[in-house]
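# Overview (structure and organization)
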Amino acid sequence: MATREPIYQALADLVFNDPRIQAEFVLTGRFLYHHAQIPGGSAATPAIFLVQNPGETHFRTGKGIDDKRTLKCHFVMYFYTADVTSNLPATACNTGLDVIDDVLNQPGNPGNVQTLGGLVEHVYLEGEVVTGEGLLQDYSVVGVPITILIP
């Protein structure tokens, strides 16, 4: 049976070590800060964090068959835009979303399956992406829901 911590660490490693993420984000991590408490402040943004969601789902596909487990997590991205007249907050949010899509979906992967090196059956974006565009404040936040299917 797969254990949780190596799965979350493999997902963090996949995303945070990807050159496209490193080119777009200044700060990465598995500990979510409030935007006002990010080490380095606005200079450390854009920032992306992996956050585990509470709870998980177990289901059986038949008698005598091992459970299938589904873990849920989010990538939370912060973007700082002090001058919205020159930098539209939506542009930064869309760029971040495109990068995380590309990293997880691996363009050119014919099966479009992300297994984290064989640890899981599949990792994929699932659910509503929540965007708080920084129109009334300097920070924008984006939450990207991730599902991890464990054999």
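To start, this report covers the structure provided alongside it. One numbering rule holds for all chains: residues counted from 1, following each sequence as written. Note on the predicted model: pLDDT of at least 70 is required for a residue's local features to be given, and 80 or more for side-chain atom pairs to be given and counted; whole-chain, interface and lining totals, by contrast, use all residues. The basis for every side-chain value is the complete set of heavy atoms in the structure, and neither hydrogens nor water enter the calculation.

Right, let's talk about the environment of D66 for a bit. A helix here means a DSSP run of H or I that spans at least four residues, while a strand means a run of E at least two residues long, and both kinds are numbered starting from the N terminus. Looking at the element boundaries, D66 is found in the loop between β2 (47-59) and β3 (68-80). When a residue's accessible area, from a 1.4 Å probe over protein chains only, is under 20% of the maximum for its type it is buried; when over 50% it is exposed; and in between it is partly exposed. Overall, the relative accessible area of 64% leaves D66 in the exposed class. Linking D66 and D98, residues 32 residues apart in sequence, is a C-alpha distance of 36 Å.

A separate point is the environment of V129. Along the chain, the position of V129 falls in the loop between β4 (122-125) and β5 (130-132). For the pair V129 and D18, spaced 111 residues apart in the sequence, the C-alpha separation amounts to 21 Å. Throughout, a residue-residue contact means that at least one pair of heavy atoms, one from each residue, lies within 4.5 Å. Setting aside chain neighbours within four positions, we find V129 in contact with L97, V142, G143, V144 and P145.

Before going further, it helps to spend a moment on the nonpolar core. Of all hydrophobic cores here, the largest spans 29 residues; its most connected members are L11, V15, I48, F75, I146 and I148. Counting residues per element, the ones that place at least two in this core are α1 (4-16), β2, β3, α3 (89-105) and β6 (139-150). Setting aside anything within four residues of it in sequence, one finds V15 in contact with I21, I48, F75, I100, V103 and L104. Buried Ala, Val, Leu, Ile, Met, Phe, Trp, Tyr and Cys residues that are joined via side-chain atoms within 4.5 Å together make up what is termed a nonpolar core. I38, A47, F49 and Y78 belong to the second-largest nonpolar core, a separate cluster that totals six residues.

In this description, a line fitted to the C-alpha atoms serves as the axis of each element, helices being fitted only across the stretch in contact, and the angle between N-to-C directions of two axes falls anywhere from 0 to 180 degrees. It is the contact of α1 with α3, at a shortest axis distance of 10 Å, that shows an interaxial angle of 120°. Considering the angle they form, α1 stands oblique to α3. For α1 against α3, the interelement crossing comes out right-handed. When α1 is examined against α3, the residues L11, L14 and V15 are found in contact with a partner set consisting of I100, V103 and L104. Put simply, angles under 35 degrees are roughly parallel, angles over 145 are roughly antiparallel, angles from 65 to 115 are roughly perpendicular, and the rest are oblique. Whether a crossing is left-handed or right-handed is set by the direction in which the near helix is turned from the far one by less than a right angle, anticlockwise for left-handed and clockwise for right-handed.

Residue placement: Q114 occurs in the loop between α3 and β4. Taking the relative accessible area as the measure of exposure, Q114 reaches 5% and is therefore buried. A distance of 3.0 Å separates a polar atom in the side chain of Q114 from the backbone nitrogen of L116. Setting aside its immediate chain neighbours within four residues, Q114 contacts L14, V103, L104, Q106, V120, E121, H122 and V123. Here a polar contact is recorded for every N or O atom pair within 3.5 Å, except that within protein the pair must consist of a potential hydrogen donor and a potential acceptor, and residues adjacent in sequence are included only if both atoms are side-chain atoms.

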